[in-house]
Amino acid sequence: MLMFNAFLRAVVMVTKRQKFTQLLDYMKVIYTELMMRDDIEIRRIMQEHTELALKVSKINLFVGILAGVGFSVFPIMSDKREFIFGIYLPYLDEYRSPWYEILLTIQCVLNLYGLCMFIPFTGIFVSFIIFAIAISKILQYKLNTISQEVSSKLVQRKIIKCIELHWKLIRFVNNINERNFTISLVDLILFVVVLCIMLLSFILVTTVLQKCVIIVYIITVFSQPFILYYFSNEVYYESLEISTAAYNVNWFNYDIETQKMLKIFLLRTQKPCAVLIMKTYVINLGTLQSLLKFTYSIFTLLQQFYG
């Protein structure tokens, strides 16, 4: 399942290479526009979230390498010959030398390859999502400072700028959902299946070291959706905060035309931006909690089946 997911992600990256390039170019344009502003606060928000994306990527990669190394040495910790992944070859005794050493080496390479394909792909989407959070924060900041202006014409220009940036945010999140259309559903299914298998393996293995390796792998498997779902949850609520910031503008100090413009913007911001599974279900911590409950139910059934 790990190999299948890694292969699927590679296929998605290759087949949608042009779309990913376009999304990165679009992201670059927005980033450049915001960083060229003279506003120090906007630059601070962008820099803060850039550093956050780098930290998340480094932690993600470290956890992936730790799990890859742990599972590569998994057979060494056993008191008998074992493979990283269960294997059966007809007409061949895979546990005899030199077949055992050859097959184990192949599995070690495939394991590291799978994790190297699995981890960075998640990191790319998390970086996209953090960028969307930064845009939401900037919109909140711009709206919170509008009430400091006295002129209605100047306020109208600022509201128009906010509408343009908000439209870019909506388009950016929609592009993320389009590129994550297939992977989101596959990840959801495989997360439940792999986590159940790991929990069951934790019960079935005999040595303490093997249990430690499985714990590390469970943490790795859980950390990927948790990071993705956590920041997707932040996008959802930070985009809702844009509506709150628009509501807090002192609209009564400006003319009717400005009030109407602000009202239209306020109505649109009440529909939050959301990262979706198959463009249908919102990815947030509530969805993750439901997945964990469902996973535990399946694990309980498997545990009873295995006695």
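Bear in mind that the values here come from a model prediction, so they are computed numbers and not experimental data. (Residues numbered from 1 in each chain as written. Predicted model: local features only at pLDDT ≥ 70, side-chain atom pairs only at ≥ 80, totals over all residues. Heavy atoms only, no water.)

When its volume is computed, the second largest pocket comes out at roughly 230 Å³. Considering the residues around the second largest pocket, the lining is formed by Arg 37, Asp 39, Ile 42, Tyr 141, Lys 142, Thr 145, Leu 154, Arg 157, Lys 158 and Lys 161. Broken down by secondary-structure element, the contributors of at least two residues to the lining of the second largest pocket are helix H4 (99-144) and helix H5 (152-179). No other element matches the four residues that H5 contributes to the lining of the second largest pocket. Grouping the constituent residues of the lining of the second largest pocket by class yields three nonpolar, one polar and six charged. (1 Å grid on protein atoms, 1.4 Å probe; cavity = no way out; pocket = protein on both sides within 12 Å on 5 of 7 lines; lining within 4 Å. Points joined across faces, edges and corners; volume = space filled by probe spheres on them. Helix = DSSP H or I, 4+ residues; strand = E, 2+ residues; numbered from the N terminus. Nonpolar A, V, L, I, M, F, W, Y, C, P; charged D, E, K, R; others polar.)

Side-chain pairing between opposite charges can occur once the charged atoms of the two side chains come close. If you walk through the whole model with that rule in mind, you get seven salt bridges. One salt bridge in this structure joins Arg 44 and Glu 48, with 2.6 Å as the shortest N-O distance. Of this pair, Arg 44 and Glu 48 both sit in helix H3 (residues 40-72), four residues apart, roughly one helical turn. Taking the shortest distance from any N to any O, the salt bridge between Arg 179 and Glu 178 comes out at 3.7 Å. Since its relative accessible area comes to 4%, Arg 179 is described here as buried. A cluster of three or more residues bridged by salt bridges with shared partners is formed by Lys 19, Glu 178 and Arg 179. (Salt bridge = Lys/Arg side-chain N within 4 Å of Asp/Glu carboxyl O. Buried < 20%, exposed > 50% of the residue type's maximum accessible area, 1.4 Å probe, protein only.)

This brings us to the side chain of Thr 295. Here Thr 295 lies in helix H9 (residues 285-305). Of the polar contacts made by the side chain of Thr 295, one reaches the backbone oxygen of Leu 291; its length is 2.7 Å. (Polar contact = N/O pair within 3.5 Å; in protein donor to acceptor, adjacent residues only side chain to side chain.)

To continue, consider the confidence of the model for the protein. The predicted model of the protein averages 84 in pLDDT, with 97% of residues at 70 or higher. Confidence, expressed as mean pLDDT per element, reaches its minimum in the protein at helix H1 (residues 2-15) with 79 and its maximum at H5 with 92. (pLDDT = per-residue confidence, 0-100.)

Per the counting criterion, the structure on display carries ten aromatic pairs. Measuring from centroid to centroid gives 6.0 Å for Phe 125 and Phe 128, while their planes differ by 85 degrees, and the two rings are edge-to-face. Placement of both Phe 125 and Phe 128 in helix H4 is noted, with a separation of three residues, approximately one turn of the helix. In terms of burial, Phe 125 and Phe 128 fall into one category: buried. A connected cluster of aromatic rings, assembled from ring pairs, spans Phe 20, Phe 125, Phe 128, Phe 131 and Phe 172. Sitting above the plane of the Tyr 26 ring, Arg 171 keeps its charged end 4.6 Å from the centroid. (Phe/Tyr/Trp six-rings, centres within 6.5 Å; stacked < 30°, edge-to-face > 60°. Lys NZ or Arg CZ within 6 Å of the ring centre and 35° of its normal.)

Membership of the largest hydrophobic core comes to 84 residues, with the highest contact counts inside it found for Phe 128, Leu 143, Leu 169, Phe 172, Tyr 229 and Phe 231. Of the residues forming this core, the biggest block, 19 residues, is contributed by H4. (Core = buried A, V, L, I, M, F, W, Y, C linked by side-chain atoms within 4.5 Å.)

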